[in-house]
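Examination of the molecular architecture
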2 protein chains.
Amino acid sequence: MRSELQLIDRIRSLASNIHGRGLAIGIGDDCAVYHSPGASEDLLFTTDLLVEDIHFRRETHRPEDIGWKALARGLSDIAAMGGEPRFCLVSLALAPWSDARWLDCFYRGLLKLAAREKTPLAGGDLGKSAKATCDIVVCGSVPRGKALRRDGAKAGDGIYISGELGSSALGFESQRGKARQKHLRPEPRIALGKHLRRLGATAAMDLSDGLSLDLHRLATASRLSAEIAPPPIFRGATPEQALHGGEDYELLFTAPARRVIPEHLEGLRLTRIGTMRKGSAGEVRINGAILRPLGYDHFRKP
Amino acid sequence: MRSELQLIDRIRSLASNIHGRGLAIGIGDDCAVYHSPGASEDLLFTTDLLVEDIHFRRETHRPEDIGWKALARGLSDIAAMGGEPRFCLVSLALAPWSDARWLDCFYRGLLKLAAREKTPLAGGDLGKSAKATCDIVVCGSVPRGKALRRDGAKAGDGIYISGELGSSALGFESQRGKARQKHLRPEPRIALGKHLRRLGATAAMDLSDGLSLDLHRLATASRLSAEIAPPPIFRGATPEQALHGGEDYELLFTAPARRVIPEHLEGLRLTRIGTMRKGSAGEVRINGAILRPLGYDHFRKP
């Protein structure tokens, strides 16, 4: 099997001859973007799978945490484009072992975050499978033409991240402390994403699969290379966890070098870690050396 | 475990305190309905799961057919509300046995129908699971306030169906002939749904889980009972297959008794099978006897 990026390229090429009304961005960004005739907003759409024994384990993950994370992943994609959430849909295939109590707790966890982020549950599907599987759809809204995209970075732009990296990978491995909590209950950066849009960020995405892979994707989409220094590391995490660990759900963004980016915003530290450069599209260098995109890929062979 | 209707009621009650902007219909119809400020259209959203060893088997279903059916199920929900499709999103979890060729053929089948129905693939998610699992999202469009709902039937309205029933259940069991083709490659009734909306149908839904269960749902939503005669039966199918068999994807709809409904529309026979009545909400009688909602329910105990 090929890598995830190769598979997505293959699907995109198969789908490229079909066009429709109103679609502004299709395959390849955090969200698809749709515009209704006459509307003052663009709509953002994202879907995310969460699968038993791939993304979570029955033994170690409480259903409340699984429900929370399912929605948090979708909301994080909306945050990455500078949007605010409007509603969600949940498709849930229950496993033979998942009883009515598990179902209740799954939805309680999901709806706790949904209530806080004003994201009503508008529908979905229920089914059965050998393994518990959830697919979340989140619809968000952004003023017309203002969505933050992956492909908008310009040569010379500064590269920034929010927060510190590596907490989720550390929490997954140690199963202890604040890092574990960050792994189980990630926080989508909705307020920060809206702020960055108004501040004039040129490109953004969320760090779901690790900085090395996600920055490679942003640089590829923007047809530029990236030069960075090591990013801020969550206390206790290793440099590898910070560079390649997934599921931090912080925001990665670019902005013109002269734009003043505050050091703190919405309770989060913002750190400039590098600069976008003309050069080999998608190449990332750290302290001058090539950084391979070793973040999380379901399909890469070990 | 409770029945699917009970589970959906439970989820709806958990979710009922969360409200958001723009959502016109939430849980409980074929699609959620959203309205963008200023827009001339309402948007329809539906999601449908398709799971290995529940909805299809690796041994008997070609990947082209699985892809086609995944999209057809979503398009059928758009048809049921009188909409036309705008775009789709596909989340696909690949099983250990599903190779690059299977993936290609799955998308070829899906995109063949997508091209015909002008429904571009706008994004989705790729993952892995123990069993191949697809969740399809279809977004459709309908003129503002004009979506056909389940809850719009009035006492005295005629009850109609398109086509003949039982073909998919027959094709699943016999694995032969035209019935098998109808089981493998269902046809969403997009053109018919738009026509019914313009004709002034009062309520509609698609027949995905069997007439007995789906008419029970429509009658429950409209707070009425239904009296019917036996529906037209696909040649070779049994009355049980026609009444309780799922996946025919014909349209079930109601219209004022005096409204002239053509006998044929968009190549399909339209048959009046009964009348909506005041009475016990959700009760369905056939030739005067109670018809139990025995259509397809993942969660009912045998």
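For the structure itself, look to the data block above.
Residues numbered from 1 in each chain as written. Chains lettered and ligands numbered in written order. Predicted model: local features only at pLDDT ≥ 70, side-chain atom pairs only at ≥ 80, totals over all residues. Heavy atoms only, no water.

Another point: the overall build of chain A. Looking only at helices and strands, chain A has 8 helices and 14 strands in total. Taken against the 2.2 N^0.38 rule, which gives 19 Å for 302 residues, the C-alpha radius of gyration of chain A at 19 Å falls within 12% of a compact globule. Along the first, second and third principal axes, the C-alpha set of chain A runs to 55 × 50 × 40 Å. Of all intrachain contacts in chain A linking residues separated by at least 6 positions in sequence, the fraction that spans at least 24 positions is 84%. A total of about 11,800 Å² of accessible surface is found on chain A, and carbon and sulfur atoms cover 49% of it. Side chains of chain A carry 44 positive and 36 negative charges; the gap between the two charge centres is 3 Å. (Helix = DSSP H or I, 4+ residues; strand = E, 2+ residues; numbered from the N terminus. Rg over C-alpha atoms; globule rule 2.2 N^0.38 Å. Contact = heavy atoms within 4.5 Å. Areas by Shrake-Rupley, 256 points an atom, 1.4 Å probe, with all protein chains shown as cover. Lys, Arg positive; Asp, Glu negative; His and termini not counted. Charge placed at Lys NZ, Arg CZ, Asp CG, Glu CD.)

Let us look at the pairing of strand β6 (residues 133-143) of chain A. Residue and element names in this part refer to chain A. Along β6, 10 of the 11 residues are buried, which leaves the element largely enclosed by surrounding structure. Summarising the sheet, strand β3 (residues 41-51) and β6 pair through 11 bridges and their orientation is antiparallel. Residue pairing across strands places Leu50 opposite Cys134, the latter belonging to β6. As defined by bridge partners, strand β4 (residues 84-94) adjoins β6 across 9 bridges and the pair is classed as antiparallel. Looking across to β6, one finds that Leu89 is bridged to Val137. (Buried < 20%, exposed > 50% of the residue type's maximum accessible area, 1.4 Å probe, protein only. Pairing = 2+ DSSP bridges.)

Attention shifts here to the packing of aromatic side chains. Under the defined criterion, the tally for this structure stands at 13 aromatic pairs over all chains. Ring geometry for Trp102 of chain A against Phe106 of chain A: centres 5.5 Å apart, planes inclined by 15°, an arrangement best described as stacked. With a gap of 4 residues between them, Trp102 of chain A and Phe106 of chain A both fall in helix α3 (residues 100-116), about one helical turn apart. The same class applies to Trp102 of chain A as to Phe106 of chain A, namely buried. Each ring, one from Phe106 of chain B and one from Tyr107 of chain B, has its centre 5.3 Å from the other, and the planes form 85°; the classification is edge-to-face. Like Phe106 of chain B, the residue Tyr107 of chain B is buried in the burial classification. These aromatic residues form a ring-pair network of at least three members: Tyr34, Phe45 and Phe87 of chain A together with Tyr34, Phe45 and Phe87 of chain B. (Phe/Tyr/Trp six-rings, centres within 6.5 Å; stacked < 30°, edge-to-face > 60°.)

If you walk through the whole model with that rule in mind, you get 49 salt bridges over all chains. Where Arg21 of chain B meets Glu84 of chain A, a salt bridge forms, and the shortest distance between an N and an O atom there is 3.2 Å. Taken as a pair, Arg21 of chain B in the loop between α1 (4-15) and β1 (23-25) and Glu84 of chain A in strand β4 lie in two separate chains rather than in one. Note that Glu247 of chain B and Lys69 of chain B form a salt bridge whose closest N and O atoms lie 2.8 Å from each other. (Salt bridge = Lys/Arg side-chain N within 4 Å of Asp/Glu carboxyl O.)

Let us look at the relation of the copies chain B and chain A. If you rotate chain B by 180° and push it 0.0 Å along the axis, it lands on chain A with an RMSD of 0.0 Å. Put plainly, the chains are arranged around a two-fold axis. Proximity to the rotation axis, assessed at the C-alpha, singles out Ala39 of chain B in chain B; its C-alpha lies 2.1 Å from the axis. The overlap is high: 100% of the interface residues of chain B also sit at the interface in chain A, so the same surface is used on both sides. (Least-squares fit on C-alpha atoms with pLDDT ≥ 70 in both.)

What follows is about unusual backbone geometry. Residue and element names in this part refer to chain A. In this model, Glu247 sits at a positive phi of 65°, which is unusual for a non-glycine residue. Considering the arrangement of structural elements, one finds Glu247 in the loop between α8 (239-244) and β10 (251-255). The phi dihedral of Glu266 is positive, around 50°, even though this residue is not glycine. By secondary structure assignment, the location of Glu266 is in the loop between β11 (264-265) and β12 (268-277).

This part takes up the pairing of strand β7 (residues 158-162) of chain B. Residues and elements named next belong to chain B. With 5 of its 5 residues buried, β7 lies for the most part within the structure. What you see with β7 is no split at all: Gly158, Tyr160 and Ser162 on one side and Ile159 and Ile161 on the other are buried throughout. With 4 bridges connecting them, β7 and strand β10 (residues 251-255) associate as antiparallel partners. Among the inter-strand pairings, Tyr160 is bridged to a residue of β10, identified as Phe253. Relative to strand β12 (residues 268-277), β7 runs antiparallel, the two being bridged by 5 bridges.

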